[in-house]
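Architecture at a glance
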Amino acid sequence: MRAALIALALALPASGCGLQPIYAGGSSSPVAQGLAAVTVPAIPGRDGWLVRNALEERLSVAAPGGASASPAYRLDVRLDDSLEALGVLNDDTISRERRILRARFQLIDLASGEILLDATAGSDAGIDVVSSEYATIAAEQTALENLAKDVADRMVRRVSLTLRERAGATGE
């Protein structure tokens, strides 16, 4: 009972502020159907493969019943992956690196060719450079895998907001 009262008390202020769930309506909502209709062309490189797989995983979750909708949008992605030295010791050895993954992406309406969204997303991670070269390479690869997921999450969030705004403008 107490939990229900707390939930009600928290919901009341939010109801007047105009916030609404992005997936209101579940898999039949315009946003979920729009995400299911986004196709992602191949992105060059290992980082591109990781980002594309993460994007397709997140977009397929929105597909009702697991079926993919016919493509209505294309998400073009260009990546910039860099590794830079942060900590340099007295003997000029590197003790810390930062891996940076940035994406520039465009959501294109396939019917009209209109660019609905032109944005960037990025993330970075710190990596300790240790005496074992294998451990350092493994850490760099793990950082890239995690960054790919994070950047994909950010892109899908922006695409979702764009599709929600578009659905609101067309009255769907």
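In what follows, the accompanying structure is described. (Residues numbered from 1 in each chain as written. Predicted model: local features only at pLDDT ≥ 70, side-chain atom pairs only at ≥ 80, totals over all residues. Heavy atoms only, no water.)

1. Notes on helix H3 (residues 45–61)
With 17 residues, H3 should cover 24 Å at 1.5 Å per step; its first-to-last C-alpha distance of 25 Å lies within 8% of that length. For H3, the complete set of buried residues consists of Asp 47, Gly 48, Leu 50, Val 51, Ala 54, Leu 55 and Leu 59. Taken around the axis of H3, the buried residues stretch over an arc of 165°, which confines them to a single face. Those residues of H3 that are exposed and angled more than 90 degrees off the buried face are Trp 49, Glu 57 and Val 61. (Helix = DSSP H or I, 4+ residues; strand = E, 2+ residues; numbered from the N terminus. Expected span 1.5 Å × (residues − 1). Buried < 20%, exposed > 50% of the residue type's maximum accessible area, 1.4 Å probe, protein only. Arc of directions from axis to C-beta.)

2. Digging into the side chain of Arg 99
Of note, Arg 99 is situated in strand E3 (residues 94–109). Separated by 2.9 Å, the side chain of Arg 99 and the backbone oxygen of Glu 140 make a polar contact. (Polar contact = N/O pair within 3.5 Å; in protein donor to acceptor, adjacent residues only side chain to side chain.)

3. Some words on the environment of Gly 126
Tracing the chain through its elements places Gly 126 in strand E4 (residues 115–128). For Gly 126, a relative accessible area of 44% gives the class partly exposed. With 27 residues separating them in the primary sequence, Gly 126 and Arg 99 have C-alpha atoms 6.5 Å apart. In contact with Gly 126, not counting residues within four places along its chain, are Arg 96 and Glu 97. (Contact = heavy atoms within 4.5 Å.)

4. Brief notes about the pattern of salt bridges
Following the criterion strictly, the structure yields 11 salt bridges and no others. Glu 56 is the partner of Arg 52 in a salt bridge, and the nearest nitrogen-oxygen pair spans 3.0 Å. On the criterion of helical spacing, the pair formed by Arg 52 and Glu 56 is a turn pair, its members being four residues apart in helix H3. A salt bridge links Arg 58 to Asp 153; its shortest N-O distance comes to 2.3 Å. Highlighted residues: Arg 58 in helix H3 and Asp 153 in helix H4 (residues 133–170), separated in sequence by 95 residues. What makes Asp 153 partly exposed here is its relative accessible area of 30%. A single network of salt bridges, built from pairs that share partners, joins Glu 57, Arg 58 and Asp 153. (Salt bridge = Lys/Arg side-chain N within 4 Å of Asp/Glu carboxyl O.)

5. Quick word on the sheet that holds strand E2 (residues 73–88)
On the basis of which strands lie adjacent, the open sheet formed by four strands has the order E1-E2-E3-E4 and mixed pairing. The open sheet is flanked by strand E1 (38–39) and E4, the only strands paired with a single partner. Summarising the sheet, E3 and E4 pair through 13 bridges and their orientation is antiparallel. Its bridge partner being in E4, Leu 107 is matched across the sheet by Leu 117. Running over the sheet, H3 touches E1, E2 and E3 and is turned about 130° from E2. (Pairing = 2+ DSSP bridges. Axes fitted to C-alpha atoms, helices over the stretch in contact; angles between N-to-C directions.)

6. Overview of the pairing of E2
Where E1 and E2 come together, two bridges link them in parallel fashion. Note on E2: the bridge partner recorded for Val 38 is Tyr 73. Of the strand pairs in this sheet, E2 and E3 are connected by 15 bridges, and their pairing is antiparallel. Counted as the bridge partner of Tyr 73 is Asp 109 from E3. Taken together, E2 and the strand that follows it, E3, pair antiparallel across an intervening segment of five residues, in which Asp 92 is found at a positive phi of about 65°.

7. Overview of the environment of Arg 154
For Arg 154, the position within the fold is in helix H4. A relative accessible area of 34% means that Arg 154 is categorised as partly exposed. With 34 residues separating them along the chain, Arg 154 and Thr 120 place their C-alpha atoms 9.1 Å apart. Not counting chain neighbours up to four residues away, the residues in contact with Arg 154 comprise Ala 121, Gly 122 and Ser 123.

8. A look at the nonpolar core
One broad trend across soluble globular proteins is that nonpolar side chains are buried collectively. In this structure, Leu 55, Leu 75, Val 77, Phe 105, Leu 107, Met 155 and Val 159 are the most contacted members of the largest nonpolar core, which totals 34 residues. Listing elements by their share of this core, those giving two or more residues are helix H2 (30–36), H3, E2, E3, E4 and H4. With 10 residues, the single largest contributor to this core is H4. Beyond its immediate chain neighbours, meaning those up to four positions away, Met 155 contacts Val 51, Leu 55, Val 77, Ala 103, Phe 105 and Ala 121. (Core = buried A, V, L, I, M, F, W, Y, C linked by side-chain atoms within 4.5 Å.)

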